[in-house]
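Structural description and commentary
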Amino acid sequence: MTAELRADRQGDCLVLRLHHPETHNALTAALCAAALEALTTAQRDADIRAVVLTGTPRQFCGGLHDAEAQEGLHDCILALRDCEPLVVGALEGQARGAGAALALACDLLVAADDAQLLLPDPLLPEQDVGGAQWLAAQLLPRTTCNEAALSGLGLSAPRLHQLGVVNRLCPPGLSLQTALQLIESIAPTPGGARKSLPAPPWQTSELHVHLSRQLRLPAGS
């Protein structure tokens, strides 16, 4: 089955679903390009208040499908960070490698009780694909970040909720519904802005430099 991005409007929300089920929604270059186009559309459409990023069925993203997708992934990560509409990740199953980077780049996270975050990417386990480890280091204590980076470990959704990385937990299969309910509960931002959040303690330019360095690394380094 061809990988595709399924996009649909639900009120003032744009729901983006990664769909490549036989690979646990692993990212192809075409899938990354479609996601970037959708985020660009959301940025330009003043009627879109929020974007929900999720996967089908009951999986978020299992990593890269091919190395050629890495540059497109980096563009998506930066677009998620710069997106003016609020971006909410709705996690089911595993967010692994590239998928972990997508999740950690979101503004808010909702996760099923059995969801899991794993930082190494199966395709390029020795690289920081999508800046997943870099982003995790901004959010997690060092030893916890190390745990998420070790093969075979990872962090469960309840643990991430305890650490303040996940905003809401829900039963499996209900992450999208819970994300939409969370968005519905958010009062409109004064002045008409679509998103008003505290600035992170790091600049997007720092993330850009890190991602650029990853692209220059040879495979397996």
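Residues numbered from 1 in each chain as written. Predicted model: local features only at pLDDT ≥ 70, side-chain atom pairs only at ≥ 80, totals over all residues. Heavy atoms only, no water.

1. Thoughts on the overall build of the protein
So the rule is basically this: Secondary structure elements follow DSSP: runs of H or I no shorter than four residues count as helices, runs of E no shorter than two count as strands, and numbering proceeds from the N terminus. Atoms counted for the radius of gyration: C-alpha only. Globule rule: 2.2 Å times the number of residues to the power 0.38. To sort residues, take the accessible area from a 1.4 Å probe on protein chains only and compare it with the maximum for the residue type: under 20% means buried, over 50% means exposed, and anything in between is partly exposed. It only takes one pair of heavy atoms within 4.5 Å for two residues to be counted as in contact. This count recognises Lys and Arg as positive and Asp and Glu as negative, with His and chain-terminal groups excluded. The location of each charge is read from NZ of Lys, CZ of Arg, CG of Asp or CD of Glu.
Secondary structure assignment for the protein yields eight helices and nine strands. Taken against the 2.2 N^0.38 rule, which gives 17 Å for 221 residues, the C-alpha radius of gyration of the protein at 16 Å falls within 12% of a compact globule. For the C-alpha atoms alone, the extent of the protein along its principal axes is close to 45 × 40 × 35 Å. For the protein, the proportion of its 221 residues judged to be buried stands at 50%. Pairs at least 24 apart in sequence give 73% of the contacts found in the protein among residues at least 6 apart. Across the protein, the mean location of the 15 positive side-chain charges is 4 Å away from that of the 23 negative side-chain charges.

2. Focus: helix α4 (residues 132-139)
Taken as a whole, α4 has its buried residues at Ala132, Trp134, Leu135 and Ala136. If you follow the buried residues of α4, they end up packed against α2 (70-82), α3 (98-104), α5 (142-149) and α8 (204-216).

3. Re the pairing of strand β3 (residues 50-56)
Put simply, the test is: DSSP bridges decide pairing: two strands pair if at least two such bridges lie between them. Handedness rule for crossovers: strands pointing away from the viewer, path from the first strand over the helix to the second running clockwise, crossover right-handed.
Among the seven residues that make up β3, seven are buried, leaving the element largely enclosed by the rest of the structure. Pairing of strand β2 (residues 13-19) with β3 involves seven bridges; the strand directions are parallel. Bridge pairing links Cys13 to Ala50 in β3. Taken together, β2, helix α1 (residues 29-44) and β3 constitute a β-α-β crossover, and its handedness is right-handed. Pairing of β3 with strand β4 (residues 86-91) involves four bridges; the strand directions are parallel. Bridge pairing links Val51 to Val87 in β4. Tracing the backbone out of β3, into α2 and back to the parallel element β4 gives a crossover that is right-handed.

4. Notes on the pattern of salt bridges
The following threshold applies: A carboxyl oxygen of Asp or Glu within 4 Å of a side-chain nitrogen of Lys or Arg is what we treat as a salt bridge.
For the structure on display, the rule yields seven salt bridges. The closest approach of N and O atoms between Asp107 and Arg81, which form a salt bridge, is 3.8 Å. Here Asp107, found in the loop between α3 and β6 (108-112), pairs with Arg81, found in helix α2; they are 26 residues apart in sequence, far enough to count as distant. Here Asp107 makes a salt bridge to Lys195, at a shortest N to O gap of 2.9 Å.

5. Some words on the sheet that holds strand β7 (residues 116-118)
Strand order in the open sheet formed by three strands is β5-β7-β8, and the pairing between neighbours is mixed. Each edge of the sheet is formed by a strand with only one pairing partner; in this case those strands are β5 (94-96) and β8 (155-156). Where β5 and β7 come together, three bridges link them in parallel fashion. Within β7, the position partnered with Gln94 by the bridge is Gln116.

6. Some points on the sheet that holds β6
Applied cut-off: Each axis is a line fitted through C-alpha atoms, and for a helix only the stretch in contact is used; angles between axes span 0 to 180 degrees, taken between their N-to-C directions.
Taking strand neighbours across the sheet as the criterion, the six strands line up as β1-β2-β3-β4-β6-β9 in an open arrangement whose pairing is mixed. The strands lining the two open edges of the sheet, one partner per strand, are β1 (4-10) and β9 (168-170). Within the sheet, the average angular offset between the axes of one strand and its neighbour, ignoring direction, is 20°.

7. Regarding the packing of α2 against α8
The cut-off we apply is this: Oblique is the label for any angle not covered by the other classes, which are roughly parallel (under 35 degrees), roughly antiparallel (over 145) and roughly perpendicular (65 to 115). Basically, the charged four are Asp, Glu, Lys and Arg, the nonpolar ten are Ala, Val, Leu, Ile, Met, Phe, Trp, Tyr, Cys and Pro, and anything else, Gly included, counts as polar.
Direction vectors running N to C along α2 and α8 enclose 175°, while the axes themselves pass 10 Å from each other. Considering the angle they form, α2 stands roughly antiparallel to α8. Contact residues: Gln70, Glu71, His74, Ile77, Leu78, Arg81 and Asp82 in α2; Thr204, Leu207, His208, Leu211, Gln214 and Leu215 in α8. Here the residues of the contact of α2 with α8 are counted per class, giving five nonpolar, five polar and three charged.

8. With respect to the packing of α1 against α2
Defined as follows: Two helices cross in a left-handed way if the nearer one is turned anticlockwise from the farther one by less than a right angle. They cross in a right-handed way if the turn is clockwise.
Two elements in contact, α1 and α2, have axes separated by 9 Å at closest approach and are oriented at 20°. Here α1 lies roughly parallel to α2, going by the angle between them. Viewed along their axes, α1 and α2 form a crossing whose handedness is left-handed. For the pair formed by α1 and α2, the contact residues are Cys32, Ala35, Leu36, Leu39 and Gln43 on the first element and Gly72, Leu73, Asp75, Cys76, Ala79, Leu80 and Asp82 on the second. Counted by class, the contact of α1 with α2 contains eight nonpolar, two polar and two charged residues.

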